[in-house]
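Structure assessment
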Amino acid sequence: RYLAQIVKPNGTSQGVLFPEVVQFPASEAVILESHPRRPLPPVGFDLSNLGGGSYAINGVPADIEGIVPQPLHDLVHTAMEKGCGVKEEVHHALALVMAKAAAIVPGQVLSNEEMDGLVDALFSCQTPNYTPDGKTILSVIPGDDIDALF
């Protein structure tokens, strides 16, 4: 979902009641100032430059609850690390940061509707068997293999 938002800008922002101020080191602030939309594609963050490397977070991605500034720092840091050389790799890295920020906390209790929605969203992905960073989510084991285990 985040990769699609980055490629086709359609991220929706949810305004915050009390904007939080984040401070970026000079090296990262230069990236934000020189390319205001490039390193942070419109995935839903609404920032205001306060000067001196300080930015007010006026809006966050609408589908991330309880967001903290850390994902924003991760996004800028990832954009800085990857540079602008390989656009697809940068997009993938930024989408991965957003996905990790939106991840369900282990042990969080979900309703049946939330679990159904999660499974439906998983199977609507292009690669439902793997996480964005390549870890296996599910695999199909043939019946003969199961019989061989017993």
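Heads up: the structure comes first, above all this text.
Here the structure is a predicted model, which means the values were calculated and not measured.

A word on the overall build of the protein. For the protein, the count of helices and strands is 6 helices and 3 strands. For the protein, the sequential pattern of α-helices and β-strands runs α-β-α-β-β-α-α-α-α. Here the protein holds 150 residues, and 27% of them are scored as buried. The long-range fraction of contacts in the protein, counting pairs at least 24 apart against all pairs at least 6 apart in sequence, stands at 62%. For the protein, the exposed area adds up to about 10000 Å²; of that, 57% sits on carbon and sulfur atoms.

For the rest of this paragraph, the subject is the nonpolar core. The biggest cluster of nonpolar side chains holds 11 residues, and these are Tyr 2, Val 22, Phe 24, Ala 29, Phe 45, Tyr 55, Ile 57, Val 60, Val 76, Ala 95 and Met 98. Looking at this core, the elements with two or more residues in it are strand S3 (54–61) and helix H4 (87–102). Sorting elements by how many residues they give to this core places S3 first, with 3 residues.

Attention shifts here to a nonpolar patch on the surface. Together, Ile 141, Ile 146, Leu 149 and Phe 150 make up a nonpolar patch on the protein surface, roughly 500 Å² of accessible area in all. By secondary structure assignment, the location of Leu 149 is in helix H6 (residues 143–149).

Next up on the list: the sheet that holds strand S1 (residues 13–23). Two pairing modes exist for strands in a sheet, parallel and antiparallel, and in both the strands are linked by backbone hydrogen bonds. Strand order in the open sheet formed by 3 strands is S1-S3-S2, and the pairing between neighbours is antiparallel. A single partner strand is all that each edge strand has here, and the edge strands are S1 and strand S2 (46–51). Averaged over all adjacent pairs, the angle separating strand axes in this sheet is 15 degrees, with direction ignored. Relative to S3, S1 runs antiparallel, the two sharing 7 bridges. The residue of S3 that forms the bridge with Gly 15 is Gly 59.

As a further point, take the packing of aromatic side chains. The description of an aromatic ring pair rests on the distance of the ring centres and on the angle between the ring planes. Counted according to the given criterion, the structure contains 1 aromatic pair. Ring plane angle 75 degrees and centroid distance 5.8 Å describe the contact between Phe 24 and Tyr 55, whose orientation is recorded as edge-to-face. Residue Phe 24 is located in the loop between S1 and helix H2 (26–34), and its partner Tyr 55 is located in strand S3; the two are separated by 31 residues in the primary sequence. Owing to a relative accessible area of 3%, Phe 24 belongs among the buried residues under this scheme. Overall, Tyr 55 belongs to the buried group, its relative accessible area being 5%.

A surface patch of negative charge is lined by Glu 113, Glu 114, Asp 116 and Asp 120. Its place among the elements puts Asp 116 in helix H5 (residues 112–123).

This part takes up the side chain of Ser 54. Considering the arrangement of structural elements, one finds Ser 54 in strand S3. Look at Ser 54 and you get buried, because its relative accessible area is 14%. Leave out the neighbours within four places in its chain, and Ser 54 touches Val 21, Val 22, Gln 23, Ser 48 and Asn 49.

Quick look at the layout of surface pockets now. For the largest pocket, the calculated volume is near 1600 Å³. The wall of the largest pocket is formed by 35 residues, among which Arg 1, Tyr 2, Ala 99, Cys 125 and Pro 132 lie closest to the centre. With 7 residues, H4 is the largest single contributor of residues to the lining of the largest pocket. Along the lines of polarity and charge, the residues of the lining of the largest pocket split into 22 nonpolar, 6 polar and 7 charged.

The rules we used
- Residues numbered from 1 in each chain as written.
- Predicted model: local features only at pLDDT ≥ 70, side-chain atom pairs only at ≥ 80, totals over all residues.
- Heavy atoms only, no water.
- Helix = DSSP H or I, 4+ residues; strand = E, 2+ residues; numbered from the N terminus.
- Buried < 20%, exposed > 50% of the residue type's maximum accessible area, 1.4 Å probe, protein only.
- Contact = heavy atoms within 4.5 Å.
- Areas by Shrake-Rupley, 256 points an atom, 1.4 Å probe, with all protein chains shown as cover.
- Core = buried A, V, L, I, M, F, W, Y, C linked by side-chain atoms within 4.5 Å.
- Patch = residues over 30% accessible without salt bridge, like charges linked within 9 Å, V, L, I, M, F, W, Y side chains within 5 Å.
- Salt bridge = Lys/Arg side-chain N within 4 Å of Asp/Glu carboxyl O.
- Pairing = 2+ DSSP bridges.
- Axes fitted to C-alpha atoms, helices over the stretch in contact; angles between N-to-C directions.
- Phe/Tyr/Trp six-rings, centres within 6.5 Å; stacked < 30°, edge-to-face > 60°.
- Lys, Arg positive; Asp, Glu negative; His and termini not counted.
- Charge placed at Lys NZ, Arg CZ, Asp CG, Glu CD.
- 1 Å grid on protein atoms, 1.4 Å probe; cavity = no way out; pocket = protein on both sides within 12 Å on 5 of 7 lines; lining within 4 Å.
- Points joined across faces, edges and corners; volume = space filled by probe spheres on them.
- Nonpolar A, V, L, I, M, F, W, Y, C, P; charged D, E, K, R; others polar.

Interpretation note: all reported values are geometric properties and have no functional meaning in isolation.
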